[in-house]
Amino acid sequence: MSFQNLDLNLLRVFDAVMTEQNLTRAANSLAMTQPAVSNALKRLRDALDDELLVRTAHGVRATPRAETLWPPIRQALSTLQSAIAPDLFDLSQVQITFRLAMADSTAVLFLPPLVRSIEREAPGIRVQMVPLTTREPRPMLIRSEIDLAIGYFPGVLGQLASGQGTITSKIRHQRLYSGKYVCVMRKDHPLAAKELTLDAYCAAHHLHVSFSGRAHGLVDDALANLERERTVLLTVNQYFTAGKVIANSDLLTVLPIHLIAATGMAEVLIWKKLPFELPDINVDMLWHERDSQSPAHKWLREQMISSVEESANPVEKNAA
């Protein structure tokens, strides 16, 4: 079938089903009936000679051809919408599902303000969280598996700054904030009322937070450069677990200051400046250029930016 004979309305249906991964939700977002969506997909399958979407117990699964087609189709539809009706965007009427990738600790800070904004301004927006298990989320963005990634991506930002690789040309980014690592302890810890010296720090017992489970981390490298070391009694992979343990023991831990709230124990913890230097931790937002001009995606990015002050500042009150 030639492109001239292709019904371009079928591409809108295809995009909705790929976004929702469910025929019923796609039909609702398009204000169509489910049989009409199914019929549109059948016509597109016939036109492209590919199954495109295969039914599963949990919805539909895209074929390799569909995965390849979706990014350029989605970008083209977004460009057309912005060009044809730039002033007709009504947030209260938007029906869309966003897939976000970030660590649990980051989600704790960003999701509550986002949910409040959705309930207040955009009741048709839905959010699905995708586990962030890598420092390299660009392939997920390229394949449209996620709409936004938020986290600490030093390698990615380095390549973006240098322009390395063709993959970098399609990715956009924005710095949300920079944070510092601090030493965290319970409020009535024996060191709470004292100056935290390097000797006192190394003499204490420690808890190490590591998503990978590795017992050696950035702090240990910094201490090794000073020919010092610490005793790590416990390694955990969740900030919430770390907070509970620190609040009920004499262990010390090192956390990014903006993530103390993610422990769930911020009110019973204090933080002190570390007696050695660690680099800042930068939190960035990454997205694909095909979404840059989408009004709904712009709104989403604006919510992430506006959440920064609300989520990051409260912990600074608990300094010692």
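Before going into details, it helps to say that this report is about the structure given with it. Bear in mind that the values here come from a model prediction, so they are computed numbers and not experimental data.

**What to know about the overall build of the chain**
Broken down by element type, the chain carries eleven helices and twelve strands. Expressed along its principal axes, the backbone C-alpha trace of the chain runs to roughly 75 × 40 × 40 Å. A buried classification covers 48% of the 320 residues belonging to the chain. Across the chain, the fraction of contacts at a sequence separation of at least 24, relative to all contacts at a separation of at least 6, is 73%. Carbon and sulfur atoms provide 52% of the accessible area of the chain, an area that totals close to 16300 Å². Counting 33 positive and 34 negative side-chain charges, the chain places the averaged centre of each group 2 Å from the other.

**Focus on the pattern of salt bridges**
Here the structure, examined in full by the defined rule, presents 15 salt bridges. Glu121 is the salt-bridge partner of Arg120, the closest N and O atoms lying 3.4 Å from each other. Residue classification places Glu121 among the partly exposed positions, given a relative accessible area of 29%. Notably, a salt bridge pairs Arg228 with Asp199, separated by 2.8 Å at the nearest N-O pair. Of this pair, Arg228 sits in the loop between helix 9 (218-225) and strand 9 (231-236) while Asp199 sits in helix 8 (residues 198-203); the two residues are 29 residues apart in sequence, bridging distant segments of the chain. Taking the relative accessible area as the measure of exposure, Asp199 reaches 51% and is therefore exposed. Among the charged side chains, a network of salt bridges with common partners joins Lys170, Arg172 and Glu289.

**Points about the sheet that holds strand 3 (residues 96-101)**
To summarise the sheet geometry, strands pair through backbone hydrogen bonds and adopt either a parallel or an antiparallel arrangement. In spatial order, the strands read 4-3-5-12-6; together these five strands make up an open sheet with mixed pairing. Edge strands, defined here as strands with exactly one partner in the open sheet, are strand 4 (125-130) and strand 6 (171-179). Each strand of the sheet is rotated relative to its neighbour by a mean of 20 degrees, with strand direction disregarded. Inspection of the sheet shows strand 3 paired to strand 5 (residues 148-151) by two bridges, in the parallel sense.

**Focus: the sheet that holds strand 7 (residues 181-186)**
One open sheet accounts for three strands, arranged 10-7-11; its pairing is antiparallel. Looking at the sheet topology across the chains shown, the edges are occupied by strand 10 (253-256) and strand 11 (269-272). Recorded for the sheet is a direction-independent mean angle of 45 degrees between the axes of neighbouring strands. Lying over the sheet, helix 10 (residues 239-247) contacts strand 7, strand 10 and strand 11, oriented at roughly 50 degrees with respect to strand 7.

**Some words on the nonpolar core**
In this structure, Phe110, Ile125, Ile150, Leu176 and Met304 are the most contacted members of the largest nonpolar core, which totals 44 residues. Other than its neighbours up to four places away in sequence, Met304 contacts Phe110, Leu114, Leu148, Ile150, Leu176 and Met285. Formed by 24 residues, the second largest nonpolar core is a distinct cluster that contains Val13, Phe14, Val37 and Leu41.

**Thoughts on the packing of aromatic side chains**
Counted by the stated rule, this structure contains two aromatic pairs. Ring geometry for Phe110 versus Tyr177: centroids 6.3 Å apart, planes at 10 degrees, classification stacked. Highlighted residues: Phe110 in helix 5 (residues 104-121) and Tyr177 in strand 6, separated in sequence by 67 residues. No difference in accessibility class separates Phe110 from Tyr177, as the two residues are buried. The positively charged end of Arg301 is found above the aromatic ring belonging to Trp287, 4.5 Å away from the centroid.

**Focus: the packing of helix 2 (residues 23-30) against helix 3 (residues 34-48)**
Taken N-terminus to C-terminus, the directions of helix 2 and helix 3 make an angle of 100 degrees; their axes are 8 Å apart at the nearest point. Relative to helix 3, helix 2 is oriented roughly perpendicular. Here Leu23, Thr24, Ala27 and Leu30 of helix 2 lie close against helix 3, whose contacting residues are Gln34, Val37, Ser38 and Leu41.

**Remarks on the pairing of strand 2 (residues 59-62)**
Sheet analysis places strand 1 (residues 53-56) next to strand 2, joined by four bridges and oriented antiparallel. The residue of strand 2 that forms the bridge with Leu53 is Ala62. Between strand 1 and strand 2, which pair antiparallel and follow one another directly, the connecting turn spans two residues.

**What to know about unusual backbone geometry**
Phi angles above zero are rare outside glycine, and Ala31 is one such case at about 60 degrees. Relative to the helices and strands, Ala31 is located in the loop between helix 2 and helix 3. We note that Leu52 has phi near 65 degrees; this positive angle belongs to a residue other than glycine. Among the structural elements, Leu52 can be located in the loop between helix 3 and strand 1. Residue classification places Leu52 among the buried residues on the basis of a relative accessible area of 1%.

Reading guide: rules and limits
- Residues numbered from 1 in each chain as written.
- Predicted model: local features only at pLDDT ≥ 70, side-chain atom pairs only at ≥ 80, totals over all residues.
- Heavy atoms only, no water.
- Helix = DSSP H or I, 4+ residues; strand = E, 2+ residues; numbered from the N terminus.
- Buried < 20%, exposed > 50% of the residue type's maximum accessible area, 1.4 Å probe, protein only.
- Contact = heavy atoms within 4.5 Å.
- Areas by Shrake-Rupley, 256 points an atom, 1.4 Å probe, with all protein chains shown as cover.
- Lys, Arg positive; Asp, Glu negative; His and termini not counted.
- Charge placed at Lys NZ, Arg CZ, Asp CG, Glu CD.
- Salt bridge = Lys/Arg side-chain N within 4 Å of Asp/Glu carboxyl O.
- Pairing = 2+ DSSP bridges.
- Axes fitted to C-alpha atoms, helices over the stretch in contact; angles between N-to-C directions.
- Core = buried A, V, L, I, M, F, W, Y, C linked by side-chain atoms within 4.5 Å.
- Phe/Tyr/Trp six-rings, centres within 6.5 Å; stacked < 30°, edge-to-face > 60°.
- Lys NZ or Arg CZ within 6 Å of the ring centre and 35° of its normal.
- Parallel < 35°, antiparallel > 145°, perpendicular 65-115°, else oblique.

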